[in-house]
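# Architecture and fold: a report
Spelled out from the first residue to the last, the chains are:
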Amino acid sequence: MISAAAEVQRRLWGTDPRAWAELAEAHNRPLFEAVLDAAEVNHGTRLLDVGCGSGLTLVLAARRGAIPAGLDVSPGLLGIARERLPDADLREGDMESLPFPDEAFDAVTGVNAFQFAGDPRRALREAARVTRPGGRVVASLFAAPERSQGTVAHEAMSALVPPEHAGDHAPYALSAPGNLESALTAVGLRIIGTGEVSCAWRYESIDGAVRALLCSAGGARAAEAAGPQKVRDVLRPVLAPFQDPRTGDVTLKNTFRWVTSRRRTEPDHDRGPLRTESGG
């Protein structure tokens, strides 16, 4: 059984996983590297990436000598990750109920992942549960919406979705200042660092940018509501100001933030053990 929120994400990320891996994922590589640095991933690190998608973060971790494991709710994205990392422990499942034992990992990362849980604190509590005492949990997401140029595309696509489904996909759910830190400390983790990184989404043309955005969960959601052609019609004028008139390239600069936390080495008696009802 998976949560209703996980069912939504499985559906949205299942529309064109190959296009996501080829057209969109690599744009966020600076973020992936920053998160791995914050998690102190190096040779021998037992790493779990929650919401691993098509696996680029884990590929980069493996190059550092880490022992990679991943979880994602999308079979299509996991299929690509398994092609890239045939020996890694990659599992399909819900981040609110991780199928891994207590204290199994030295570090757990979640790149643009935890805000999509039905209950983000439950998902973070699960991440803490599977982290060894003294290990690190690093969560990252978009900074405040006004700090990313991609927000105009997200807002244009979201406007096509009926109001009753507005909460189905909320990429900025934890982006307000202090929200992510508060969620991490609420599950007994200790904040030890924060940072920001800029990622430039560059496309060869407006049509290329539109195709890349359509294969994201936000694009799939808009296409479900209004049809792919309507999404294309809405996105083209929104993206035009970001096109270089000389080359035709489209560039959207986006700011992400990450927060590093550490699992306490001593029990936190005020909060109780780091478990959910599902155990693990």
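This is a predicted model, so every value here is computed, not measured. (Residues numbered from 1 in each chain as written. Predicted model: local features only at pLDDT ≥ 70, side-chain atom pairs only at ≥ 80, totals over all residues. Heavy atoms only, no water.)

Moving on, we get to the nonpolar core. Counting residues in each nonpolar core, the largest one holds 50 residues, and the members touching the most others are Trp201, Val231 and Leu235. With residues near it in sequence (within four places) discarded, Trp201 still touches His27, Asn28, Phe142, His154, Leu213, Val250, Thr251, Leu252, Asn254 and Phe256. Phe100, Leu124, Leu141 and Val187 belong to the second-largest nonpolar core, a separate cluster that totals 27 residues. (Core = buried A, V, L, I, M, F, W, Y, C linked by side-chain atoms within 4.5 Å. Buried < 20%, exposed > 50% of the residue type's maximum accessible area, 1.4 Å probe, protein only. Contact = heavy atoms within 4.5 Å.)

Moving on, we get to the confidence of the model for the protein. Residues at a pLDDT of 70 or more form 94% of the protein, whose mean pLDDT is 92. For residues 268-280, every residue scores under 50 in pLDDT, and the model assigns this stretch 31 contacts once sequence neighbours within four places are set aside. (pLDDT = per-residue confidence, 0-100.)

Let's shift gears to the sheet that holds strand S7 (residues 250-263). Within the open sheet, the seven strands sit side by side as S3-S2-S1-S4-S5-S7-S6. Their pairing is mixed. Looking at strand neighbours, the two that pair on one side only are strand S3 (89-92) and strand S6 (189-203), the edges of this open sheet. Taken over all neighbouring pairs, the strand axes of this sheet differ in orientation by 15 degrees on average, direction set aside. With 14 bridges connecting them, S6 and S7 associate as antiparallel partners. Looking at the pairing, Ile191 lines up with Ser261 of S7. Of the strands in this sheet, strand S2 (67-72) and S3 are in contact with helix H5 (residues 75-84), which crosses S3 at around 170 degrees. (Pairing = 2+ DSSP bridges. Helix = DSSP H or I, 4+ residues; strand = E, 2+ residues; numbered from the N terminus. Axes fitted to C-alpha atoms, helices over the stretch in contact; angles between N-to-C directions.)

This part takes up the packing of helix H2 (residues 17-24) against H5. Direction vectors running N to C along H2 and H5 enclose 60 degrees, while the axes themselves pass 8 Å from each other. Here H5 runs oblique to H2, going by the angle between their axes. Where H2 approaches H5, its residues Pro17, Arg18, Trp20 and Ala21 are matched on the opposing element by Gly76, Leu77, Ile80, Glu83 and Arg84. A class-by-class count of the residues in the contact of H2 with H5 yields five nonpolar, one polar and three charged. (Parallel < 35°, antiparallel > 145°, perpendicular 65-115°, else oblique. Nonpolar A, V, L, I, M, F, W, Y, C, P; charged D, E, K, R; others polar.)

The next point concerns the packing of aromatic side chains. On inspection of all chains with the given rule, the structure shows five aromatic pairs. Here Phe100 and Phe105 contribute two aromatic rings whose centre-to-centre distance is 5.3 Å and whose plane-to-plane angle is 80 degrees, an arrangement assigned as edge-to-face. For Phe105, a relative accessible area of 6% puts it in the buried group. Following the ring pairs from residue to residue traces out a cluster consisting of Phe142, Tyr172, Trp201 and Phe256. (Phe/Tyr/Trp six-rings, centres within 6.5 Å; stacked < 30°, edge-to-face > 60°.)

Where helix H6 (residues 120-129) meets helix H8 (residues 179-186), the axes come as close as 9 Å, and the angle between the chain directions of the two elements is 55 degrees. With respect to each other, H6 and H8 are oriented oblique. Crossing of H6 against H8: the hand is right-handed. Side by side, H6 and H8 meet where Arg121, Leu124 and Arg125 of the first sit next to Ser182, Ala183, Leu184 and Ala186 of the second. (Left-handed = near helix turned anticlockwise from the far one by under 90°.)

Side chains bearing opposite charge may pair, as long as their charged atoms lie close to each other. All told, the structure shown has 19 salt bridges when counted by the stated rule. In this structure, Arg29 engages Glu33 in a salt bridge whose closest nitrogen and oxygen atoms are separated by 3.5 Å. Taken as a pair, Arg29 and Glu33 lie in helix H3 (residues 29-38) at a separation of four residues, close to a single helical turn. Take Arg29: its relative accessible area is 37%, and that puts it in the partly exposed class. (Salt bridge = Lys/Arg side-chain N within 4 Å of Asp/Glu carboxyl O.)

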